[in-house]
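The residues making up each chain are set out below.
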Amino acid sequence: MEFTVEKTSNDARACTIKTAHSTIKTPVFMPVGTSGSIKALDMTDMTDILDTDIILANTYHMYLRPGDKTVKEMGKLHGFTTYDKSFLTDSGGFQAFSLSDISKADEGGIEFRSHIDGSKHYFTPQKVIDIQHNLGSDIMMILDDLVALPATKERIALSIKRTTKWAEESVHYFRQKQQEGIGKEQNIFAIIQGGTDLEFRTKSANELCALDFDGFAIGGLSVGELNEQMYDTVEHTVKFMPKNKPRYLMGVGTPEDLIENIERGIDMFDCVMPTRNARNGTLFTSFGKINIRGAKFKHDKTPIDEECDCFTCKRYSRAYLSHLFRAREITYFRLASLHNLHYYLTLMKQAREAILDDRYVEFKQEFYIKRGVIL
């Protein structure tokens, strides 16, 4: 991986990440393709219409179905899905957290039962890397111990202890495999934990950032805390992260969350929100959100957003989208998902341009003014 910081505007950064499969301009939003597919879209949509350079797939889900060995036999993720740009794969730690009623962490890893058939499995730091070697992702995330907030100090301390231990095991195993010729073109990121406790975040960041990782993520946020707590935690944690490596905020979030955290120095984001909200009728626009289920849209001839030049807005009216949603036509899911992802991806491009012009503060103000928010 090659990483370059091209320009900063206060703490906001415009960077370039080069992997074996693509050149990624940051700030970047990574669409979530949990099972190797962005819901309602295909890879032609991702490359020819949305022009993405990186998407996310999930280790837990790909391991269970169709199986990481099957993916390897089919040409790894790139060959299997036909997406020839970069993949980032999550470790499965978040799934263990979100499926906590059927999973249990101990010092060695995470035991869980499949949500598909109830079969029992055990993820260790090494096994998670082996799976991601089979998947062939450009960026792999290590196994971490994620806790819901609020949490006791004792539980957060245990989370950090486990996450650091697993990180040490992961990076040692990963570099050893690279020396053996396995995963030479892959990269590995650590995940900083600590809840919203700033002392714990400092400890976790200092321990992990001393290790030989290619990039660092902030995990364990957007799991129940207030937005301001998230922003304060990110602003504090970034101070202890290397300036010469990518910074990734996992699982975040709303357009406002992206704008706020770019200002605090984050380069990479992912979230299911644009596609999930699209399927539920919520569409993002330059002036805020609309819910296409509203009766007022039944006879509305205008596009979703008159400032948007996406595939959907250039062709279809709110009235048509409203009709498709009410009729539960599959076409709605595609058109709405294309619009929401285009909105997110365009917002990142606009943020990058503002950083390159050293006017990110002004850009942020303009973003909120359009929403009727006075800072």
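Engineer: Looking at this model, I keep getting lost on the overall build of the chain. Mind explaining?
Structural biologist: A count of helical and extended segments in the chain gives 14 helices and 16 strands. Computed over its C-alpha atoms, the radius of gyration of the chain comes to 20 Å, within 12% of the 21 Å expected for a compact globule of 375 residues. In terms of overall dimensions, the chain has C-alpha extents of about 60 × 45 × 40 Å along its principal axes. Taken over 375 residues, the chain has a buried fraction of 57%. For the chain, restricting intrachain contacts to residue pairs at least 6 apart in sequence, the fraction spanning at least 24 positions comes to 66%.

Engineer: What exactly am I supposed to notice about the state of the cysteines here?
Structural biologist: Linking two cysteines covalently via their sulfur atoms produces the bond known as a disulfide. Going through the model one piece at a time under the given rule, you end up with 0 disulfides. We note that cysteine 310 lacks a disulfide partner, and the nearest cysteine sulfur, in cysteine 308, lies 3.5 Å from it. Cysteine cysteine 313 remains unbridged, with the sulfur of cysteine 310 as its closest cysteine sulfur at 3.8 Å.

Engineer: What is the right way to look at helix 6 (residues 125–135) in this model?
Structural biologist: An α-helix turns once per 3.6 residues; consequently, residues spaced three or four apart project the same way. Taking burial as the measure, the 11 residues of helix 6 include 8 buried ones, the bulk of the element. Remark: glycine 136 follows helix 6 within two positions and exhibits a positive phi of approximately 75°.

Engineer: Just checking my understanding: could you explain the packing of aromatic side chains for this structure?
Structural biologist: Given two aromatic rings, one states the distance between the centres and the angle between the planes to describe the pair. Within this structure, the stated rule accounts for 14 aromatic pairs. When the centroid spacing of 4.8 Å and the interplanar angle of 55° are considered together, the rings of phenylalanine 29 and tyrosine 344 count as tilted. Taken together, the positions of phenylalanine 29 in strand 4 (residues 28–30) and tyrosine 344 in helix 13 (residues 330–356) put the pair 315 residues apart, joining distant regions of the chain. Residue phenylalanine 29 shares its accessibility class with tyrosine 344, and that shared class is buried. On the basis of an interplanar angle of 75° and a centroid distance of 6.0 Å, the ring pair of tyrosine 343 and tyrosine 344 is categorised as edge-to-face. Both residues of the pair, tyrosine 343 and tyrosine 344, belong to the buried class. Through a chain of ring-to-ring contacts, three or more aromatic side chains come together here, namely Phe29, Phe284, Tyr343 and Tyr344. Taking NZ or CZ as reference, arginine 328 lies 4.8 Å from the ring centre of phenylalanine 325, over its face. In this structure, arginine 334 packs its charged tip against the face of phenylalanine 311, placed 5.1 Å from the ring centre.

Engineer: For this particular structure, what's the right way to read the nonpolar core?
Structural biologist: Where a protein is soluble and globular, its nonpolar side chains tend to be buried together. In this structure, Met46, Leu88, Met141, Tyr248, Met268 and Tyr360 are the most contacted members of the largest nonpolar core, which totals 89 residues. Listed in part, the 16 residues of the second largest apolar core include Leu283, Ile290, Ile304 and Cys310.

Engineer: Would you mind showing me how to read the side chain of arginine 352 here?
Structural biologist: As for its position among the elements, arginine 352 is in helix 13. Residue arginine 352 is classed as buried on the basis of its relative accessible area, which comes to 11%. Only 2.9 Å separates the side chain of arginine 352 from the side chain of glutamate 6, close enough to count as a polar contact. Residues contacting arginine 352, with those up to four places away along its chain left out, are Glu6, Ala14, Cys15, Thr16, Lys25, Thr26 and Pro27.

Engineer: What's the story with the packing of helix 6 against helix 7 (residues 153–179) in this structure? I'm lost.
Structural biologist: When two helices pack together, their arrangement is given by the angle between their axes and by how far apart the axes lie. Relative orientation of the contacting elements helix 6 and helix 7 amounts to 40°, with a least axis distance of 8 Å. Classified by the interaxial angle, the pair formed by helix 6 and helix 7 is oblique. Helix-helix and strand crossings are classified by hand; for helix 6 and helix 7 the assignment is right-handed. Of the residues in helix 7, those in contact with Pro125, Gln126, Ile129, Asp130 and His133 of helix 6 are Trp166, Glu169, Ser170, Tyr173, Phe174 and Lys177. Partitioned by chemical class, the residues of the contact of helix 6 with helix 7 number 5 nonpolar, 3 polar and 3 charged.

Thresholds, definitions, all that
Residues numbered from 1 in each chain as written. Predicted model: local features only at pLDDT ≥ 70, side-chain atom pairs only at ≥ 80, totals over all residues. Heavy atoms only, no water. Helix = DSSP H or I, 4+ residues; strand = E, 2+ residues; numbered from the N terminus. Rg over C-alpha atoms; globule rule 2.2 N^0.38 Å. Buried < 20%, exposed > 50% of the residue type's maximum accessible area, 1.4 Å probe, protein only. Contact = heavy atoms within 4.5 Å. Disulfide = S-S within 2.5 Å. Phe/Tyr/Trp six-rings, centres within 6.5 Å; stacked < 30°, edge-to-face > 60°. Lys NZ or Arg CZ within 6 Å of the ring centre and 35° of its normal. Core = buried A, V, L, I, M, F, W, Y, C linked by side-chain atoms within 4.5 Å. Polar contact = N/O pair within 3.5 Å; in protein donor to acceptor, adjacent residues only side chain to side chain. Axes fitted to C-alpha atoms, helices over the stretch in contact; angles between N-to-C directions. Parallel < 35°, antiparallel > 145°, perpendicular 65-115°, else oblique. Left-handed = near helix turned anticlockwise from the far one by under 90°. Nonpolar A, V, L, I, M, F, W, Y, C, P; charged D, E, K, R; others polar.

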